[in-house]
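Below are the chains, spelled out letter by letter.
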Amino acid sequence: MTITPPTDYTPLQILYLSIIILAAQELLQVIVSNLGTWIRSKHIPVRGKHLDVLSAKDLLFIFINKAMTGPFIWCFFTYVWIKGDEGDVTWGGLKSMSFVSCVD
């Protein structure tokens, strides 16, 4: 099986990638919001002003953020694909990873 470089993706493939990423975000949101109930942990008390109702502006910004995640990840994959071939992005695996190499 060969991997298609992200530079060769069609706009429809980028849209599919965005939809898959959006679906994964929504699944993660359901898991995170219900995890405390599932493991029967105590609730953390709310301190300060809490936004129980989001305004239309809030929902618009959330939607734009979620919608831009797919194209951002495509741009990231493209950068890593191109720079990886040039040697700027190294794939040493877990053996070459250390605290110093991560901070450096």
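Residues numbered from 1 in each chain as written. Predicted model: local features only at pLDDT ≥ 70, side-chain atom pairs only at ≥ 80, totals over all residues. Heavy atoms only, no water.

Engineer: Can you break down the overall build of the protein residue by residue, with the values?
Structural biologist: Looking only at helices and strands, the protein has three helices and zero strands in total. N-terminal to C-terminal, the α/β element order of the protein is α-α-α. Looking at the 104 residues of the protein, the share that counts as buried comes to 11%. Roughly 9,400 Å² of accessible area belongs to the protein as shown, and the carbon and sulfur atoms make up 68% of that amount. When the 8 positive and 8 negative side-chain charges of the protein are each reduced to one mean point, those points stand 18 Å apart. (Helix = DSSP H or I, 4+ residues; strand = E, 2+ residues; numbered from the N terminus. Buried < 20%, exposed > 50% of the residue type's maximum accessible area, 1.4 Å probe, protein only. Areas by Shrake-Rupley, 256 points an atom, 1.4 Å probe, with all protein chains shown as cover. Lys, Arg positive; Asp, Glu negative; His and termini not counted. Charge placed at Lys NZ, Arg CZ, Asp CG, Glu CD.)

Engineer: Give a description of the pattern of salt bridges that names residues and reports values.
Structural biologist: The full count for this structure, using the stated rule, is one salt bridge. A salt bridge links E26 to K66; its shortest N-O distance comes to 2.6 Å. Of the two residues, E26 sits in helix α1 (residues 11-38) while K66 sits in helix α2 (residues 56-86), which places them 40 residues apart along the sequence. Taking the relative accessible area as the measure of exposure, E26 reaches 33% and is therefore partly exposed. The exposure class of K66 is partly exposed, given its relative accessible area of 26%. (Salt bridge = Lys/Arg side-chain N within 4 Å of Asp/Glu carboxyl O.)

Engineer: Describe a nonpolar patch on the surface, with residues and values.
Structural biologist: Together, L27, V30, I31, L35, W38 and I39 line one region of the surface with nonpolar side chains, adding up to about 590 Å² of accessible area. Counting through the fold element by element, L27 comes out in helix α1. (Patch = residues over 30% accessible without salt bridge, like charges linked within 9 Å, V, L, I, M, F, W, Y side chains within 5 Å.)

Engineer: Tell me about α2, and please be specific about residues and values.
Structural biologist: Residues lying three or four places apart along an α-helix face the same way, a consequence of the helix completing one turn every 3.6 residues. Here α2 is 31 residues long and its end C-alpha atoms lie 45 Å apart, about the 45 Å a rise of 1.5 Å per residue gives. Listed in full, the buried residues belonging to α2 are T69, G70, T78 and V80. (Expected span 1.5 Å × (residues − 1).)

Engineer: So what about the packing of α1 against α2? Which residues, and what values?
Structural biologist: The axes of two packed helices give the description: the angle between them and the distance between them. Closest axis-to-axis distance for the α1/α2 pair is 8 Å, and the angle between their directions is 125°. With respect to α2, the axis of α1 lies oblique. The two elements α1 and α2 meet at a crossing, and its hand is right-handed. Listed contacts from α2 to I14, L17, S18, I21, L22, Q25, E26 and Q29 of α1 are K66, T69, G70, P71, I73 and W74. Across the contact of α1 with α2, the residue classes tally to seven nonpolar, five polar and two charged. (Axes fitted to C-alpha atoms, helices over the stretch in contact; angles between N-to-C directions. Parallel < 35°, antiparallel > 145°, perpendicular 65-115°, else oblique. Left-handed = near helix turned anticlockwise from the far one by under 90°. Contact = heavy atoms within 4.5 Å. Nonpolar A, V, L, I, M, F, W, Y, C, P; charged D, E, K, R; others polar.)

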